[in-house]
Amino acid sequence: MSEKRLDYISWDEYFMGVAMLSAMRSKDPNTQVGACIVSSDNKILSMGYNGFPSGCSDDDFPWAREGEPLDCKYLYSTHSELNAILNYRGGSLEGAKLYVSLFPCNECAKAIIQSGIKTVVYASDKYADTPSVIASKRMFDSAGVTYKQYRHTDREICLIV
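Within each chain, residues carry numbers counting from 1 in the order of the written sequence. Residues qualify for local features only when their pLDDT is at least 70, as the model is predicted, and side-chain atom pairs are given and counted only at 80 or more; totals for whole chains, interfaces and linings, by contrast, use all residues. Heavy atoms from the whole structure form the basis of all side-chain values; hydrogens and water molecules are not counted.

## A look at the environment of Ala19
Defined as follows: Under the scheme used here, helices are H or I runs from DSSP no shorter than 4 residues and strands are E runs no shorter than 2 residues, and both carry numbers assigned from the N terminus. Relative accessible area decides the class of each residue, using a 1.4 Å probe on protein chains only: under 20% of the type maximum gives buried, over 50% gives exposed, and in between gives partly exposed. Every residue pair with non-hydrogen atoms within 4.5 Å of one another is taken to be in contact.
If you trace the backbone, Ala19 turns up in helix H1 (residues 11-23). Looking at Ala19, the relative accessible area reads 0%, which means it is buried. On a C-alpha basis, the gap between Ala19 and Asp7 in space is 21 Å, while along the polypeptide they are 12 residues apart. Discounting chain neighbours no more than four positions away, the residues touching Ala19 are Gly34, Ala35, Cys36, Tyr99 and Val100.

See below:
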């Protein structure tokens, strides 16, 4: 009898990998963010990435970061976390875990809390000192949502085409 292989990826590697792969669907030229929502028994419930709402053409809306508000992406784009929450069609997300490539902003934090997600695993916290992320952490702490940074491994995962 042969033994099982021992070099399989962990749940955290798997779900963060799905979030990172989802980010690759984003057409944003500056920041690509992906999210993956997982049940308590490690089943993928939903995924999302940052982009414009369904029916809003990626060619007709602006991708600019600076300029007049109506000429910038911020009033039109939906963040990956909110997209993943809105994409879910299965009922309650109570007790779920969210894997996301960038720490959630305050607006996404509100949606995460209201949806019942209890754990956030994030890859990057590059905006940690901004009021938006500080507010997110304050709300998460108050609402009992735990958050932790994903610990990168030295494992390289290649997708063979």
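## Some remarks on the side chain of Ser136
Mapped onto the fold, Ser136 is located in helix H4 (residues 131-143). Ser136 gets classed as buried once you look at its relative accessible area, which sits at 0%. With sequence-adjacent residues up to four places away left out, Ser136 is seen in contact with Phe103, Pro104, Cys105, Asn106 and Ala109.

## Thoughts on the pattern of salt bridges
Inclusion rule: Should a side-chain nitrogen of Lys or Arg be within 4 Å of a carboxyl oxygen of Asp or Glu, the pair is scored as a salt bridge.
Overall, the coordinates contain 6 salt bridges when judged by the stated rule. Here Asp12 makes a salt bridge to Lys148, at a shortest N to O gap of 3.5 Å. Placement of the pair is Asp12 in helix H1 and Lys148 in strand E5 (residues 146-149), with a sequence separation of 136 residues. When the shortest N-O distance is used, the salt bridge between Lys137 and Asp125 registers 2.6 Å. Taken together, the positions of Lys137 in helix H4 and Asp125 in the loop between strand E4 (119-124) and H4 put the pair 12 residues apart, joining distant regions of the chain.

## Focus: the pairing of E5
Where we set the bar: Two strands qualify as a pair provided that DSSP identifies no fewer than 2 bridges between them. A crossover counts as right-handed when, viewed with the strands pointing away from the observer, the path leading from the first strand over the helix to the second turns clockwise.
Where E4 and E5 come together, 4 bridges link them in parallel fashion. By the bridge assignment for E5, Thr119 is matched with Thr146. In the classification by handedness, the crossover that spans E4, the intervening H4 and the parallel E5 is right-handed.

## Section: the environment of Ile37
Its location among the elements puts Ile37 in strand E1 (residues 34-38). Of the residues examined, Ile37 reaches a relative accessible area of 0% and is grouped as buried. Remark: the alpha-carbon pair of Ile37 and Thr119, spanning 82 residues in sequence, is separated by 9.8 Å. Those residues in contact with Ile37 that lie beyond four places of it in its chain are Lys43, Ile44, Leu45, Ser46, Ala84, Ile85, Leu93, Ala96, Lys97, Leu98 and Ile117.

## Let's talk about the side chain of Asp125
Look at Asp125 and you get buried, because its relative accessible area is 18%. Apart from residues no more than four positions distant in its own chain, Asp125 is found in contact with Phe103, Val133, Lys137 and Gln149.

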